[in-house]
Amino acid sequence: MAELEGLEFGKSDFVLLDEVTMEQFMENLKLRFEKGRIYTYIGEVVVSVNPYRQMDIYGKDTVDAYRGRELYENPPHLYAVSDAAYKAMKRRAKDTCIVISGESGAGKTEASKYIMQYIAAITNPGQRAEVESVKNVLLKSNCVLEAFGNAKTNRNDNSSRFGKYMDINFNFNGEPTGGHINNYLLEKVRGWVGGQDDGGALNLLRGGSDEMLESFHLQNDPAVYIYTREGAATVTSNNDRSSHKAVMSALGVIGFSNEEINSIYQILASILLLGNVQFETDGESVQILGLEAIDHIAELTATEADSVIKSLLFRTVATGGGEVIEKGHTEQDACFGRDAFAKALYERLFCWIVNRINSVIEVKDYNPVLHGKNTVIGVLDIYGFEIFENNSFEQFCINYCNEKLQQLFIELILRQEQGEYQREGITWQHIDYFNNQIIVDLVEQPHKGIISILDEACLTVGKVTDTVCLESMDTKLAQHPHYTSRKLSPTDKTMDFQKHFRIRHYAGDVTYSVEGFLDKNKDLLFQDFKRLMYNSADPVLKEMWPDGQLSITEVTKRPLTAATLFKNSIVALVDKLGCKEPYYVRCIKPNEMKSPVLFDDARCQHQVAYLGLMENVMVRRAGFAYRQHYARVLQRYKMTCEYTWPNHLMASDREAVEAIVTQHGFQDDVAYGHTKLFVRTPRSLYTLEQERAALIPILVLFLQKVWRGALARMRCRRMRAIYAIMGCYKRYKVKAHFWEVESRFANVRTMADYGKSVEWPNPPAALSKFHKNTVMLHRRWWARQIVKNIPPSDMLEVRAKVAALTALSGERKDWGVSRAWERDYLANARDCPQTSSSFIRVSKDLRNKDMYSQVLFSGFCRKVNRFNKSTDRGLLITDKCVYKLEPNKQYKVLKRLPLDIFTGLSVTSEVDQMVALHTSSQDDVLLCLQRGELCTNQDRVGELVGALVDHFTRKVHFPVKVCRSAVQVHMRGKVKNVTVETRPGQTNADFKKSRDGFILLVPAN
Ligand SMILES: Nc1ncnc2c1ncn2[C@@H]1O[C@H](COP(=O)(O)OP(=O)(O)OP(=O)(O)O)[C@@H](O)[C@H]1O
Ligand SMILES: [Mg+2]
């Protein structure tokens, strides 16, 4: 029920006809043919009408359009059935076969080629070399078989003179692994000699090179040879040479050796030469005309010329007593023998070629355990029904073959179908189809059947003629409803007495002429020819004639007759097809003129009738396109229905399937069997398939979601576990650190250094801050232990040193930390032995007067004023004031500055003793401390800084600047830069004016 075609092209499936009548059927067939639609379905059967013109419907695009699609998705095409057969084989591991039938010239062989090409095109997408080579040989074998097996007849320019059944084997992966060809050669019964030509020979004559022909003693003119004379009448095309080349190359590809190819052509040449051998008789003995040809035949067949002559003119007969005598032929016998010999040569050559190809393509080393099930697609291209004016033995065999195939069709399609409906309890309108078993029996039944009667007649010793045989049939078959003859129905003038008999075939009545039946059935070939060939020196030829080795005296079983051989091969074929899932291509030949436009109604109707297409449509219409077990239907489509997804709660699968069907509104299109659902039209199925296809991505997403969720949860649980473990471990590390610290510092109280030398353990990262704090804590505690032991009298000094340490923050080179800080150096008798007493006095007065409570610092210094005048002075700093004293006048107070006006001080980073005391009024005091007796060479700046800073920090901030270069001071608001220079020869430090301030010159030491 193909889509995509408008109704103007007619109905693409005959099932869709409004009424199943022959008129409507023919009308549709004709319309489609005229519109260039050569394919039409009957369900899954393809009806094909030979277009007699090249159609643009077999290209790669078309292959792609049909690949993997369902039958009803595209317009009818051979590719669609090929794909269906391939899919059934691949998906369900079913062996399938495609039966192509139709009369000569209806397009069977073409169809089989397209099918093969399609299968080759869709398999092996990976381009695996070994598969490609199998495909290549399979395709090439066609070319060879056609070259040797086809011939031009008056009904088909390229008529297959053999029926062909080809199995293609596939591995589990759906790739071709090999094949097998069965041929049903009818040539012998088709009357090969006289009037027909041999495709292989013609191909050789027209296509072979001159040297090649010469070596075979042939001329490049088919008209010269009796066997090719008729074929020669056709126009020579340029294709012949290239087709000869193609055949040669195909032979090479398949694997024929050069010797073999040569032998093949030698045999063909001998056949042609043999056809031209003439005899003459002088009334007594028979002679051969023109012995040159005999020499050539002998050379080509690698035999002795004498033996050839003898075989052509005599036959050896064994007498009862084991004696052997030679009996001369009559001229008629000789001609008969010659033609029989030529036919036999041709037949054995062809069979040998087929066997040779089979040996190449046969599947080797296939192990089902290893390679999976080996499946098969069979393609059968076999002659259809033949009904001529004059029908002979050949038509009898062909028509019998078609009766057998019809049986198979009935068996597989009609009976199976009806049987299944019965089994499943489906109400089924019984179609009355004609079961042709009775005709098959008429032909093949043992003892009573026509073949048996023929064989019997052939076996009878003595002169049994065709007429005697007809009489015997008339007697034995008189009662048979499908058999008649003039004798049995004397009023029927269409038959002659003693000549005709008529079989009522399922396809129609056929009147056969009995003339020649016996000879054709005996298919006599004189033993002498067999021996002649067996004794050939050409091994290929010898191989074809194994039966020639029997000695003449050996009593052999009579060879089976042609009809029996044919029957046996057809029975075997039907058995082979019977176990496969069949697909049918029914070919129709639109006219006798090979015209692409002519549609001969009568001819076509005749073919439609005997192909049984009408019955086919009726069964199909009554039937169901699709059936499947409930469980499988459910499995496939359960996602399309809310009641069945993901699992149903109904009593049975059947009910669940019903729910699906009801949900989609197909109730009227289905029937419920006992175990299976039957769907009438593919459209319903298509709808289900589409819905399923649309849902699959959603389901996939759903499954992905669930699975991703599960994965994430798993990961999360793992992470949590990891964190729990990490937490425990961290806590353990913290505790371990505590324990360690505890154990290391347990005895610090009793240690001499209060644990200063104890090494801290490395803390875990989490405790780094804690670690810093504990270290600090311990330091403080440790400092406290140290400070606790300092006597109060030393406290001042310690405090000053701490203050200096902080204020100078390590930037000054020497700050006298290591010596004892005495503070009041001017009052110190050791430092100023001469003047201390007078200073003490002045100091006392000042204490009383200014009420200071503490001397912060006193000592000598050199100071400089804003007039660049530098003088020695005594410096006294108390907690109230800073005094400048005149040391030479008993420390007379020269200047008294309240301590509050000082805002900070600057010193250098070097070892000089310069100090700049900054004041809030920007009138700084710049001086250089002088060292007394006590510490002649030691720093006093540090002590001054410490004392002042310690004093000030209790009240205000007192900044100390340690300058690396010039020290900046203000004098009456004016900025002055003071640098320090070492000057050799300088005995005491002294200020000197510089460009922008002062230079302190210090002695070098
Ligand atoms: N699909 C097609 N497209 C074009 N031409 C075709 C097609 N089918 C058949 N023909 C033409 O019809 C001719 C006969 O077809 P084919 O040889 O397949 O007939 P057949 O049924 O095999 O006959 P026979 O029984 O004599 O072998 C072909 O040579 C070709 O010219
Ligand atoms: Mg053919």
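Residues numbered from 1 in each chain as written. Chains lettered and ligands numbered in written order. Predicted model: local features only at pLDDT ≥ 70, side-chain atom pairs only at ≥ 80, totals over all residues. Heavy atoms only, no water.

*Asks:* Residues and numbers for the site of ligand 1, please.
*Replies:* Around ligand 1 there are 18 residues in total, and Ser104, Lys108, Thr109, Ser159 and Ser160 lie nearest to it. Tyr58 is positioned such that a nitrogen or oxygen atom in its side chain is 3.0 Å from a nitrogen atom of ligand 1. Between ligand 1 and Gly105 there is a distance of 2.7 Å, counted from an oxygen atom to a backbone nitrogen or oxygen. Out of a free accessible area of 630 Å², ligand 1 has 88% covered by protein chains. Looking at the shell around ligand 1, the elements that each hand over two or more residues are α4 (108–122) and β5 (159–160). With 4 residues, α4 is the largest single contributor of residues to the shell around ligand 1. Looking at the shell around ligand 1 residue by residue, the classes come out as 5 nonpolar, 9 polar and 4 charged. (Near = heavy atom within 4 Å. Polar contact = N/O pair within 3.5 Å; in protein donor to acceptor, adjacent residues only side chain to side chain. Areas by Shrake-Rupley, 256 points an atom, 1.4 Å probe, with all protein chains shown as cover. Helix = DSSP H or I, 4+ residues; strand = E, 2+ residues; numbered from the N terminus. Nonpolar A, V, L, I, M, F, W, Y, C, P; charged D, E, K, R; others polar.)

*Asks:* Please give an account of a nonpolar patch on the surface that cites residues and values.
*Replies:* On the surface, a nonpolar cluster with roughly 560 Å² of combined accessible area is contributed by Tyr729, Tyr732, Phe738, Trp739 and Phe770. Tallying contributions element by element places helix α28 (residues 682–745) first for the nonpolar patch, with 4 residues. Mapping Tyr732 onto the fold places it in helix α28. With relative accessibility at 47%, the residue Tyr732 sits in the partly exposed group. (Patch = residues over 30% accessible without salt bridge, like charges linked within 9 Å, V, L, I, M, F, W, Y side chains within 5 Å. Salt bridge = Lys/Arg side-chain N within 4 Å of Asp/Glu carboxyl O. Buried < 20%, exposed > 50% of the residue type's maximum accessible area, 1.4 Å probe, protein only.)

*Asks:* Describe unusual backbone geometry, with residues and values.
*Replies:* Omega for the peptide link from Trp645 to Pro646 comes to -5°, which places this bond in the cis form. Relative to the assigned elements, Pro646 resides in the loop between α26 (630–637) and α27 (653–664). Non-glycine residue Arg823 carries a positive phi angle of around 70°. Following the sequence through the fold, Arg823 ends up in the loop between α30 (792–808) and α31 (836–850).

*Asks:* Describe the UniProt feature "domain: TH1" (unreviewed entry) in the chain, and please don't skip the residues or the numbers.
*Replies:* As annotated in UniProt, the feature "domain: TH1" (unreviewed entry) corresponds to residues 810–1004 in the numbering used here. Note that residues 810–1004 is 14% helix and 42% strand, and that its end C-alpha atoms are spaced 24 Å apart. (UniProt positions renumbered as here; feature names shortened; annotations may be inferred.)

*Asks:* Pulling in residues and values, what's your account of helix α1 (residues 22–34)?
*Replies:* Owing to its 3.6 residues per turn, the α-helix brings residues three or four apart onto one side. End to end, α1 covers 18 Å across 13 residues, agreeing with the expected 18 Å (1.5 Å per residue, within 8%). The complete set of buried residues in α1 reads Met22, Phe25, Met26, Asn28, Leu29, Arg32 and Phe33. In an axial view of α1, the angular spread of the buried residues amounts to 160°, which keeps them on one side of the axis. The outward face of α1, more than 90 degrees from its buried face, is lined by the exposed residues Glu23, Glu27 and Glu34. Packing partners of the buried residues in α1 comprise β1 (39–42), β2 (45–49), β16 (581–588), α24 (601–610) and α25 (613–622). At the C-terminal side of α1, Gly36 shows a positive phi close to 75°. (Expected span 1.5 Å × (residues − 1). Arc of directions from axis to C-beta. Contact = heavy atoms within 4.5 Å.)

*Asks:* Any details on a negative patch on the surface? Residues and values, ideally.
*Replies:* Where like charges cluster on the molecular surface, the negative patch consists of Glu280, Asp282, Glu284 and Glu331. With respect to the secondary-structure elements, Glu284 resides in the loop between β8 (278–281) and β9 (286–289). According to the relative accessible area criterion, Glu284 is exposed, its value standing at 78%. (Lys, Arg positive; Asp, Glu negative; His and termini not counted. Charge placed at Lys NZ, Arg CZ, Asp CG, Glu CD.)

*Asks:* So what's going on with the sheet that holds strand β15 (residues 508–513)? Which residues, and what values?
*Replies:* Taken together, 3 strands build an open sheet; the order of strands is β13-β14-β15 and the sheet is antiparallel. Looking at the sheet topology across the chains shown, the edges are occupied by β13 (483–485) and β15. Between one strand and the next, the sheet's axes are offset by a mean angle of 25°, whatever the strand orientation. Sheet analysis places β13 next to strand β14 (residues 500–505), joined by 3 bridges and oriented antiparallel. (Pairing = 2+ DSSP bridges. Axes fitted to C-alpha atoms, helices over the stretch in contact; angles between N-to-C directions.)

*Asks:* Explain the sheet that holds strand β20 (residues 855–864) to me, using residue names and the numbers behind them.
*Replies:* With mixed pairing, 8 strands are arranged side by side in an open sheet as β23-β22-β21-β20-β26-β25-β24-β27. With partners counted over all chains shown, the strands left at the sheet margins are β23 (892–898) and β27 (960–963), one partner each. Shown here is a sheet whose adjacent strand axes are inclined to one another by a mean of 30°, direction ignored. Of the strand pairs in this sheet, strand β21 (residues 870–878) and strand β22 (residues 881–886) are connected by 4 bridges, and their pairing is antiparallel. Within β22, the position partnered with Ile877 by the bridge is Val882. Contacting β20, β21, β22 and β23, α31 runs over the sheet at an angle of about 145° to β22.

*Asks:* Describe the side chain of Asp13, naming the residues involved and giving the relevant values.
*Replies:* Mapping Asp13 onto the fold places it in the segment before α1. Relative accessible area serves as the criterion here: at 1%, Asp13 is assigned to the buried category. A polar contact of 2.9 Å, which involves the side chain of Asp13, links it to the backbone nitrogen of Val15. Only 3.3 Å separates the side chain of Asp13 from the backbone nitrogen of Gly43, close enough to count as a polar contact.

*Asks:* Just give me the short version of the packing of α26 against α27, but keep the residues and values in it.
*Replies:* Direction vectors running N to C along α26 and α27 enclose 45°, while the axes themselves pass 9 Å from each other. On the basis of their axis angle, the class for α26 and α27 is oblique. Regarding α26 and α27, the two cross each other, and that crossing is left-handed. Counting all contacts with α26, which are made through Tyr630, Ala631, Val633, Leu634 and Tyr637, the residues of α27 involved are Asp653, Arg654, Ala656, Val657 and Ile660. Grouping the constituent residues of the contact of α26 with α27 by class yields 8 nonpolar, no polar and 2 charged. (Parallel < 35°, antiparallel > 145°, perpendicular 65-115°, else oblique. Left-handed = near helix turned anticlockwise from the far one by under 90°.)

*Asks:* Lay out the confidence of the model for the chain in plain terms, naming residues and giving numbers.
*Replies:* Note that predicted coordinates carrying low pLDDT should not be read in detail. Across the chain, the average pLDDT comes to 86, with 93% of residues at 70 or higher. No element of the chain has a lower mean pLDDT than helix α6 (residues 187–190), which averages 44, and none a higher one than strand β25 (residues 914–919), which averages 95. Note on residues 188–197: pLDDT under 50 across the span, and 38 contacts to partners over four residues away in sequence or across chains. (pLDDT = per-residue confidence, 0-100.)

*Asks:* Could you give me a rundown of the side chain of His778, with the residues and numbers involved?
*Replies:* With respect to the helices and strands, the residue His778 is situated in helix α29 (residues 768–788). In terms of polar contacts, His778 uses its side chain to reach the backbone carbonyl oxygen of Tyr754, at 3.0 Å. The residues touching His778, leaving out its near neighbours within four places in the chain, are Phe745, Val748, Tyr754, Gly755, Lys756 and Trp760.

*Asks:* Give a detailed account of the packing of aromatic side chains, specifying residues and quantitative values.
*Replies:* A complete count under the given rule lists 29 aromatic pairs for this structure. Ring centres 3.6 Å apart and planes at 5° place the aromatic pair Tyr58 and Tyr114 in the stacked group. Of this pair, Tyr58 sits in the loop between β2 and α2 (60–66) while Tyr114 sits in helix α4, placing them 56 residues apart in sequence. Each member of the pair, Tyr58 together with Tyr114, is buried. Taking 5.7 Å as the distance between ring centres and 80° as the angle between the ring planes, the aromatic pair formed by Phe501 and Phe517 counts as edge-to-face. Placement of Phe501 in strand β14 and of Phe517 in helix α20 (residues 517–522) is noted, with a sequence separation of 16 residues between them. (Phe/Tyr/Trp six-rings, centres within 6.5 Å; stacked < 30°, edge-to-face > 60°.)

*Asks:* Break down the state of the cysteines for me, citing the residues and quoting the values.
*Replies:* For the structure shown, the criterion picks out 0 disulfides. The thiol of Cys928 is not disulfide-bonded; the next cysteine sulfur, from Cys861, is found 8.5 Å away. Among the residues examined, Cys928 registers a relative accessible area of 3% and is labelled buried. Looking at the unpaired Cys963, the closest cysteine sulfur is the one in Cys928, lying at 15 Å. (Disulfide = S-S within 2.5 Å.)

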